[in-house]
Amino acid sequence: MDPVRPTSDSQWAALRAGELPAVEEVRPGVYAIALNMPGMQPPYAFSYAFIAGGGSRAVHLIDAGLDTDENWELLASALAGLGRRVEDIATVTITHLHFDHTGLANRIREAAGARVRMHVDEAAAIRAGLQFSAGLDVGDQLAEWGVPEGVRAELYEVATSRADFGSAVIVDDELADGDLIDLGEHRARVIHTPGHTTGHVCLALDGEAAVFTGDHVLPVINPGIALGGRRAADPLGEYYASLDRLAPHATDEALPGHGFRFASLGSRCAEIRAHHEARTEQAAALLAATPDLTVWELASGLTWTGGWGALPIVSRVSALAQTDMHRARVLATAHGLR
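Scoring rules and cut-offs
- Residues numbered from 1 in each chain as written.
- Predicted model: local features only at pLDDT ≥ 70, side-chain atom pairs only at ≥ 80, totals over all residues.
- Heavy atoms only, no water.
- Helix = DSSP H or I, 4+ residues; strand = E, 2+ residues; numbered from the N terminus.
- Rg over C-alpha atoms; globule rule 2.2 N^0.38 Å.
- Buried < 20%, exposed > 50% of the residue type's maximum accessible area, 1.4 Å probe, protein only.
- Contact = heavy atoms within 4.5 Å.
- Areas by Shrake-Rupley, 256 points an atom, 1.4 Å probe, with all protein chains shown as cover.
- Lys, Arg positive; Asp, Glu negative; His and termini not counted.
- Charge placed at Lys NZ, Arg CZ, Asp CG, Glu CD.
- Core = buried A, V, L, I, M, F, W, Y, C linked by side-chain atoms within 4.5 Å.
- Phe/Tyr/Trp six-rings, centres within 6.5 Å; stacked < 30°, edge-to-face > 60°.
- Lys NZ or Arg CZ within 6 Å of the ring centre and 35° of its normal.
- Pairing = 2+ DSSP bridges.
- Right-handed = clockwise from strand over helix to strand, strands pointing away.
- Polar contact = N/O pair within 3.5 Å; in protein donor to acceptor, adjacent residues only side chain to side chain.
- Axes fitted to C-alpha atoms, helices over the stretch in contact; angles between N-to-C directions.

- An unreviewed UniProt entry lists the protein chain under the name MBL fold metallo-hydrolase, with Leucobacter albus as the source organism.

In structure tokens form, the structure reads like this:
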């Protein structure tokens, strides 16, 4: 496949500069609006606005950014520049339950009477309280992973500080795989892509060779897995199957939740899978040499961008969870269970 390439020079330049990209028309009547994520990486999340024509003032959004006053003003200003108001928003379709995608949904719902839509599994996960940590008892999990007591408290605080993010969003309409949703003058097909979260969805735009990928496929970052909802027996296998579900759209442009739009989607799916498979192979080699490694010890021996020691504390909980998945996959293979 061809190498992955940015398809928006302005979004690519903004990411490299650490700045918010300007509002950009990505398809006729469809605009990418970057909303700020201060202190996080990447530093912004996209909300995509569909502006109806033909005398209609209706606006349809995909994802709703982080819930801050600044983002509320950014969204209002962007819509004003497109001749619309927040009160014109008719629907908000959310790719998954994380706080940087659900954030403004309730405010919009209250201000505009907009209907909020998510996958049925994601709505169920919110009702069950299975948000960022995928239902794990974080305290017990950190101990089982062999995390040293000196850093366990800090990791626990980071993990549990996210436990309620996304839980308060009110869902009006529950989506299922294959649903065709109305986005004004456009339609999009729901593709259920569990992995990053249980009910994550991608949205394939009819007739436009474009897929809104949320956090399932990102241009630079390799998305975390099993970060919300019920946890599959083999999270990596589930994620690989979801990557395969995008095969009919392999040559399409990806419109992701963060970063920049890019092509081709199939090339990036292949890169991400290769990354995870290489990490599983590395874990297998380390465990073959030292079978009794704890998850913490195994994680510290794996290759991470910038090195394990430089990995931000916020990222370490996710990194440990990913390591646990690779370890489980190695052990299942060794015991003939996969």
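Brief notes about the overall build of the protein chain
Step number 1: Counting secondary structure elements, the protein chain contains 11 helices and 14 strands.
Step number 2: Taken over the C-alpha trace, the protein chain has a radius of gyration of 20 Å; the compact-globule value for 338 residues is 20 Å, and the two agree within 12%.
Step number 3: The 338 residues of the protein chain split such that 53% are buried.
Step number 4: Taking as baseline every contact in the protein chain between residues at least 6 positions apart, the subset at least 24 positions apart corresponds to 65%.
Step number 5: Of the roughly 13800 Å² of accessible surface on the protein chain, 51% is carried by carbon and sulfur atoms.
Step number 6: A gap of 3 Å separates the mean positions of the 26 positive and 44 negative side-chain charges of the protein chain.

Some points on the nonpolar core
Step number 1: Grouped together as the largest cluster of nonpolar side chains are 40 residues, with contacts concentrated most on Val217, Trp308 and Leu320.
Step number 2: Elements represented by at least two residues in this core include exactly helix H7 (149-160), strand S11 (201-205), helix H8 (235-244), helix H9 (265-289), helix H10 (295-301) and helix H11 (313-334).
Step number 3: With six residues, the single largest contributor to this core is H11.

Concerning the packing of aromatic side chains
Step number 1: One pass over the full model with this rule turns up seven aromatic pairs.
Step number 2: Centre to centre, the rings of Trp304 and Trp308 are 5.9 Å apart; their planes meet at 45 degrees, and the pair counts as tilted.
Step number 3: Classification of Trp304 as buried rests on a relative accessible area of 11%.
Step number 4: Just above the ring of Trp304 sits the side chain of Arg279; from NZ or CZ to the centre is 3.8 Å.

Quick word on unusual backbone geometry
Step number 1: Here the bond from Ala263 into Ser264 is cis, since omega is -10 degrees, no more than 30 degrees from zero.
Step number 2: Of note, Ser264 is situated in the loop between strand S14 (262-263) and H9.
Step number 3: A positive phi angle, close to 50 degrees, is found at Ala209, a residue other than glycine.
Step number 4: Relative to the helices and strands, Ala209 is located in the loop between S11 and strand S12 (210-214).
Step number 5: A residue is classified by how much of its surface remains accessible, and Ala209, at 43% relative accessible area, is partly exposed.
Step number 6: In this structure, Ala226 is a non-glycine residue whose phi angle is positive, near 60 degrees.
Step number 7: Within the secondary structure layout, Ala226 lies in the loop between S12 and H8.

Re the pairing of strand S5 (residues 59-62)
Step number 1: Residues of S5 alternate between two faces, with Val59 and Leu61 on one and His60 and Ile62 on the opposite face, all of them buried.
Step number 2: Pairing between strand S4 (residues 44-51) and S5: four bridges, direction antiparallel. Note that in S5 the partner of Phe50 across the bridge is His60.
Step number 3: Handedness of the S5-helix H2 (residues 69-81)-strand S6 (residues 89-93) crossover: right-handed.

What to know about the side chain of His98
Step number 1: Its location among the elements puts His98 in the loop between S6 and helix H3 (99-102).
Step number 2: Only 3.2 Å separates the side chain of His98 from the side chain of His196, close enough to count as a polar contact.

Quick look at the environment of His249
Step number 1: Within the secondary structure, His249 is located in the loop between H8 and strand S13 (253-256).
Step number 2: The sequence separation of His249 and Ala210 amounts to 39 residues, and the corresponding C-alpha distance is 8.0 Å.
Step number 3: The residues touching His249, leaving out its near neighbours within four places in the chain, are Ile191, Ala204, Val211 and Leu265.

As for the sheet that holds strand S8 (residues 173-175)
Step number 1: Read from one edge to the other, the open sheet built from seven strands follows the order S2-S3-S4-S5-S6-S7-S8, with strand pairing classed as mixed. Both outer strands of the open sheet, strand S2 (24-27) and S8, are each paired with one neighbouring strand and no more. On average, adjacent strands in this sheet sit at an angle of 30 degrees to one another, irrespective of strand direction.
Step number 2: Together, S5, S6 and strand S7 (115-119) form the strand contacts of helix H4 (residues 105-112), whose direction differs from that of S6 by roughly 160 degrees.

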